[in-house]
Amino acid sequence: MRFIKMILLLSLTPIVAQNQIEVKSLVNNFPGNGALTIAADGTILVNEYGTANADISGSGTRIFSVRPDGKYDVLLNNVSGAIGGTFDTDGTFYFNNRSSYTGSDLMRFKDGNLEKIATLPGFAADLIVARSNGNLLITNYTMPALYQVDTEGNVSEFINDDRLKGCTGITYGEDKTIFVSNFSTGKIYKIDNHSMVEFASVPVQYPGYVVGYITYFEKNIYATGYGASKIYQINMKGEVGVLAGSGNRQDIDGDAKNSSFFVPNGIEIDTNRRRLYISQNGNGQPKSLRYIDLPKP
């Protein structure tokens, strides 16, 4: 057992030197606790998932628009447990709404107009725009499939695999390689040309509550350790390291090793600023919106 623990510790050594990393708060006492989406001008959209209802739909009703200086407004206040988010090349914002065991609504927001464009089975989670054809690719927490929705709102399965059940996070790597993360198991899968393989495995501290969302930047995947209250960095060899977080469930800024997160959930990269933004679930209580400025290579 002692030998196994030593192997685990070695596998989680920092890939980026932690003395270069500082965790800071952008907004304190912030109710946005879900997915993050970065607009072209650096504005951060943050979902208020809220807490889970009996059908696992979220109780939150808002999506916030946060400027890089920390000032924020309510972008939408008539949603229901918004999940995921992405922009297309025209600046149209898409997200999932009313996700539950039974179904989900895919929403489109453009020029002040909000409309439902498709209904998906089960709990639709995060989404990206497909680089090949502009369709939307959507993970699903309760269904064993990655779904595709075209511009007309037609829903189809992009890939079906039992390992996809429980997946929430999704991001593009290089070219057309897709990565998805399983909230329940901590597995991260690589999808290329409709073929899926296991790429990495985040340590399971609390079974069923392992990885929130993921994002990709400069040959690394960054993932929120939902149960472990840490931020992970995974290189393209599949090696998992701790980027920041002591593991204590607290809301404390500071250097990477001594900083703490309170159930980190959403994560997204502002590539222009080299800045990771991180939301926190907070177990139903507002916590700060955090950020990490990544050093230049």
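Here the residue numbers are simple positions, counted from 1 along each chain's written sequence. Totals for whole chains, interfaces and linings use every residue, but because this is a predicted model, local features are given only for residues with pLDDT of at least 70 and side-chain atom pairs only at 80 or more, for both listing and counting. Note that the side-chain values use all heavy atoms of the structure and ignore hydrogens as well as water.

Q: Even after reading the chapter, I still don't get the packing of aromatic side chains, so can you show me in this structure?
A: Aromatic ring pairs are reported here in terms of the distance separating the ring centres and the angle at which the planes meet. Aromatic rings from Phe, Tyr and Trp, taking only the six-membered ring of Trp, are treated as a pair when their centres fall within 6.5 Å; an angle between ring planes under 30 degrees marks them as stacked, one over 60 as edge-to-face, and anything in between as tilted. Scanning all chains against the criterion turns up 12 aromatic pairs. With a centroid separation of 5.4 Å and an interplanar angle of 40°, the aromatic rings of Phe-87 and Phe-93 are classed as tilted. Take Phe-87: its relative accessible area is 24%, and that puts it in the partly exposed class. Pairing Tyr-141 with Phe-183 gives two aromatic rings, centres 6.0 Å apart and planes at 80°, and the pair type is edge-to-face. With a gap of 42 residues between them, Tyr-141 in the loop between strand E11 (136–140) and strand E12 (145–149) and Phe-183 in the loop between strand E15 (178–182) and strand E16 (187–192) connect regions that are remote in the sequence. Each residue is assigned to one of three classes by its accessible area relative to the maximum for its type, calculated with a 1.4 Å probe on protein chains only: buried under 20%, partly exposed between the two thresholds, exposed over 50%. Owing to a relative accessible area of 11%, Phe-183 belongs among the buried residues under this scheme. Following the ring pairs from residue to residue traces out a cluster consisting of Phe-123, Tyr-141, Phe-183, Tyr-209 and Tyr-226. Note on criteria: charge over ring means Lys NZ or Arg CZ within 6 Å of the ring centre, with the direction from the centre no more than 35 degrees off the ring normal. A cation over a ring is seen here: Arg-249 above Tyr-206, with NZ or CZ 5.5 Å from the ring centre. Across from the ring centre of Tyr-291, 4.0 Å away, lies the NZ or CZ of Arg-275, which sits over that ring. Note on conventions: DSSP H or I runs of at least 4 residues are helices, E runs of at least 2 residues are strands, and numbering of each starts at the N terminus.

Q: Help me out: how do you make sense of the sheet that holds strand E14 (residues 167–172) in this one?
A: Hydrogen bonds between backbone groups are what pair the strands of a sheet, and the pairing can be parallel or antiparallel. For two strands to be treated as a pair, DSSP must find no fewer than two bridges joining them. As summarised here, the arrangement of the 4 strands in space is E14-E15-E16-E17, forming an open sheet in which the pairing is antiparallel. With partners counted over all chains shown, the strands left at the sheet margins are E14 and strand E17 (195–201), one partner each. For this sheet, the mean angle separating the axes of adjacent strands, direction not counted, is 25°. Lines are fitted to the C-alpha atoms to define the axes, a helix being fitted only along its stretch in contact, and any angle between axes, read from their N-to-C directions, falls within 0 to 180 degrees.

Q: Would you mind showing me how to read the environment of Arg-108 here?
A: Within the secondary structure layout, Arg-108 lies in strand E8 (residues 103–110). Exposure remark for Arg-108: the relative accessible area of 22% places this residue in the partly exposed category. Residues Arg-108 and Val-197 lie 89 residues apart in sequence; the distance between their C-alpha atoms is 31 Å. By definition, residues are in contact when any of their heavy atoms lie within 4.5 Å. The residues contacting Arg-108, other than those within four sequence positions of it, are Thr-92, Phe-93, Tyr-94, Asn-113, Leu-114, Glu-115, Ile-117 and Thr-151.

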